[in-house]
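Read off the chains here:
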Amino acid sequence: AQKITQTQPGMFVQEKEAVTLDCTYDTSDQSYGLFWYKQPSSGEMIFLIYQGSYDEQNATEGRYSLNFQKARKSTNLVISASQLGDSAMYFCAMREGEVLTGGGNKLTFGTGTQLKVEL
Amino acid sequence: DGGITQSPKYLFRKEGQNVTLSCEQNLNHDAMYWYRQDPGQGLRLIYYSQIVNDFQKGDIAEGYSVSREKKESFPLTVTSAQKNPTAFYLCASSYRGPIYYNEQFFGPGTRLTVL
């Protein structure tokens, strides 16, 4: 079974509108972390936002926020006020196991969503 | 400026040749990682290392080898045993922990084409 599922291969959004990118995950661990990365056409991966499994509030970082629904095992990325520079591939990733005790930091990535922002 | 460098950006090799991809970081991170990305796919972990002189196989280690002789460097060798080596290769690093986020920082990548 896929550990990280991103069901939207491509999305279009108009400039200044908000867009939601979906991500569901599968784990039996109680402690885990969820990451979102942006990959522009240049190829480099840029860290956007993080949600820990024990976090009670949804994470926010500027125009990025997460809609974290633990019972449904989903962590959707919301980008508000889209800009042309937001056009990129977006990846959801998961780290399983304890972080604060210095455990491994391996990530499992989804297949990504290609976002295109239009005028 | 601190960061991760990968060289070269583009690499062409003939089939059957081994090739080594370079990855250097000056972020003082203990852990380093190699990922492979194929078109339309996510990243898949090849090898990772949490400390010098120690490394573990990831999900797709067959046909690859690594070394970690220095904290700053984690070179990846794509051997002739790798059946389909043409791909985009990304190197990353992170603190070993315990740190709350502990996100991985990525290099710019090397695009390997085997002719």
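See the structure printed just above.
Residues numbered from 1 in each chain as written. Chains lettered and ligands numbered in written order. Predicted model: local features only at pLDDT ≥ 70, side-chain atom pairs only at ≥ 80, totals over all residues. Heavy atoms only, no water.

Engineer: How would you explain the interface of chain B and chain A if you had to name every residue and give the values?
Structural biologist: Taken together, the 27 residues of chain B in the interface contact 26 residues of chain A. Between the two partners, chain B and chain A, sit 0 salt bridges. For the pair chain B and chain A, the interface holds 7 residue pairs in polar contact (both at pLDDT 80 or more). Contributions of two or more residues to the side of chain B that touches chain A are made by strand E4 (31–37), strand E5 (43–51) and strand E9 (87–94) of chain B. When residues of the side of chain B that touches chain A are assigned to their parent elements, the largest contribution, 4 residues, is made by E5(B). Considering only residue class, the side of chain B that touches chain A consists of 14 nonpolar, 10 polar and 3 charged. (Contact = heavy atoms within 4.5 Å. Salt bridge = Lys/Arg side-chain N within 4 Å of Asp/Glu carboxyl O. Polar contact = N/O pair within 3.5 Å; in protein donor to acceptor, adjacent residues only side chain to side chain. Helix = DSSP H or I, 4+ residues; strand = E, 2+ residues; numbered from the N terminus. Nonpolar A, V, L, I, M, F, W, Y, C, P; charged D, E, K, R; others polar.)

Engineer: Give me the sheet that holds strand E8 (residues 76–78) of chain B: which residues, what numbers.
Structural biologist: Backbone hydrogen bonds hold the strands of a sheet together, and the pairing may be parallel or antiparallel. Residues and elements named next belong to chain B. Read from one edge of the open sheet, 4 strands run E1-E3-E8-E7, paired in antiparallel fashion. The open sheet has two edge strands with one neighbour each: strand E1 (4–7) and strand E7 (64–66). The mean inter-strand angle of the sheet, taken between neighbouring strand axes irrespective of direction, is 20 degrees. With 4 bridges joining them, E1 and strand E3 (residues 19–25) adopt antiparallel strand pairing. Bridge pairing in E3 places Ile4 opposite Gln25. (Pairing = 2+ DSSP bridges. Axes fitted to C-alpha atoms, helices over the stretch in contact; angles between N-to-C directions.)

Engineer: Report on the pairing of strand E6 (residues 54–57) of chain B, specifying residues and quantitative values.
Structural biologist: All names here are of chain B. Where E5 meets E6, 3 bridges bridge the pair, whose relative direction is antiparallel. Within E6, the position partnered with Ile51 by the bridge is Asp54. Taking the residues that link successive antiparallel strands as the turn, the E5-E6 hairpin has 2 residues, and the phi of Asn53 there is positive, at about 65 degrees.

Engineer: I'd like a description of the state of the cysteines, backed by residues and values.
Structural biologist: Taken as a whole and judged by the stated rule, the model has 2 disulfides over all chains. Residue Cys23(A) pairs covalently with Cys92(A) via a disulfide, S to S 2.0 Å. Every disulfide takes its handedness from the sign of the S-S torsion; for Cys23(A) and Cys92(A) that torsion is -65 degrees, giving left-handed. Within this pair, whereas Cys23(A) is found in the loop between strand E3 (19–21) and strand E4 (24–25), its partner Cys92(A) is found in strand E10 (residues 88–96), the two being separated by 69 residues in sequence. Between the sulfur of Cys23(B) and that of Cys91(B) lies a disulfide, 1.8 Å long from S to S. Taking the sign of the S-S torsion, about -75 degrees here, the bridge from Cys23(B) to Cys91(B) comes out left-handed. With Cys23(B) in strand E3 and Cys91(B) in strand E9, the pair connects residues that are 68 residues apart, well separated along the chain. Residue classification places Cys91(B) among the buried positions, given a relative accessible area of 0%. (Disulfide = S-S within 2.5 Å. Buried < 20%, exposed > 50% of the residue type's maximum accessible area, 1.4 Å probe, protein only.)

Engineer: Outline a nonpolar patch on the surface, listing residues and values.
Structural biologist: Side chains of Tyr10(B), Phe12(B) and Leu115(B) sit close together on the surface and give an oily, nonpolar patch of about 380 Å² of accessible area. Relative to the helices and strands, Tyr10(B) is located in strand E2 (residues 10–13). (Patch = residues over 30% accessible without salt bridge, like charges linked within 9 Å, V, L, I, M, F, W, Y side chains within 5 Å. Areas by Shrake-Rupley, 256 points an atom, 1.4 Å probe, with all protein chains shown as cover.)

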